[in-house]
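Structure at a glance
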Amino acid sequence: QVQLVESGGGLVQAGGSLRLSCAASGRTFSSYVMGWFRQAPGKEREFVAGINWSGRITDYAHSVKGRFTISRDNAKNTVYLQMNSLKPEDTAVYSCAARRDGEHIYISPRLYDSWGQGTQVTVSS
């Protein structure tokens, strides 16, 4: 397993941008599929974006497509989530997750092996 630590959350006005980072420990980071999930109060955790081991394949939830971009830097053991045109409904705790299958991106959180502690994103209207 890898250890994951998120950063970059905060308070932003609607229409603004934030960039989340997820730093991973371990020498096998490049073999993992990475995902970003979010959970708002009273709601289930939901898939936001995923990226395969090479970064060539990505997937997004419909609600964020065109506004969010996931990327990774395997040399730095880090995955990013660039969030633009933020909306109040994007407010949630955002967590990154890792899955040892490096190729297939899954939207179910149950299929990921390791999780970070999460970072709060609050978008004011």
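Throughout, residues of each chain are indexed from 1 in the direction in which the sequence is written. pLDDT decides what is reported in this predicted model: residues at 70 or higher carry local features, side-chain atom pairs at 80 or more are listed and counted, and totals for whole chains, interfaces and linings draw on all residues regardless. Where side-chain values are given, they derive from all heavy atoms of the structure, hydrogens and water being excluded.

A few points about the packing of aromatic side chains
Put simply, the rule reads: Pairing of aromatic side chains requires ring centres within 6.5 Å, counting the rings of Phe and Tyr and the six-membered ring of Trp. Pairs whose planes differ by under 30 degrees are stacked, by over 60 edge-to-face, and all others tilted. Three labels apply to residues, based on accessible area from a 1.4 Å probe with only protein chains included: buried if under 20% of the type maximum, exposed if over 50%, partly exposed otherwise in between. The rule is short: NZ of Lys or CZ of Arg within 6 Å of the ring centre and within 35 degrees of the ring normal puts a charge over the ring.
Applying the stated criterion to the full structure yields four aromatic pairs. Ring centres of Tyr112 and Trp115 lie 6.4 Å apart, and the angle between their planes is 65°; this geometry places the pair in the edge-to-face category. With relative accessibility at 5%, the residue Tyr112 sits in the buried group. Take Trp115: its relative accessible area is 26%, and that puts it in the partly exposed class. Put simply, the rings of Phe37, Phe47, Tyr112 and Trp115 pair up and form one aromatic cluster. Sitting over the face of the ring of Trp115, Arg45 holds its NZ or CZ atom 4.1 Å from the ring centroid. Directly above the aromatic system of Phe29 lies the positively charged group of Arg72, at a separation of 4.5 Å from the ring centroid.

A closer look at the sheet that holds strand β7 (residues 68-73)
Test applied: At least two bridges found by DSSP between two strands are what make those strands a pair. Each helix is a run of DSSP H or I of at least 4 residues and each strand a run of E of at least 2, with the numbering of both proceeding from the N terminus. Lines are fitted to the C-alpha atoms to define the axes, a helix being fitted only along its stretch in contact, and any angle between axes, read from their N-to-C directions, falls within 0 to 180 degrees.
Ordered in space as β1-β3-β8-β7, the four strands form an open sheet in which the pairing is antiparallel. Each edge of the sheet is formed by a strand with only one pairing partner; in this case those strands are β1 (4-7) and β7. Between one strand axis and the next, the sheet turns by 15° as a mean value, whatever way the strands run. Sheet topology places β1 next to strand β3 (residues 18-24); four bridges connect them, and they run antiparallel. Residue pairing in the sheet places Ser7 in a bridge with Ser21 of β3.

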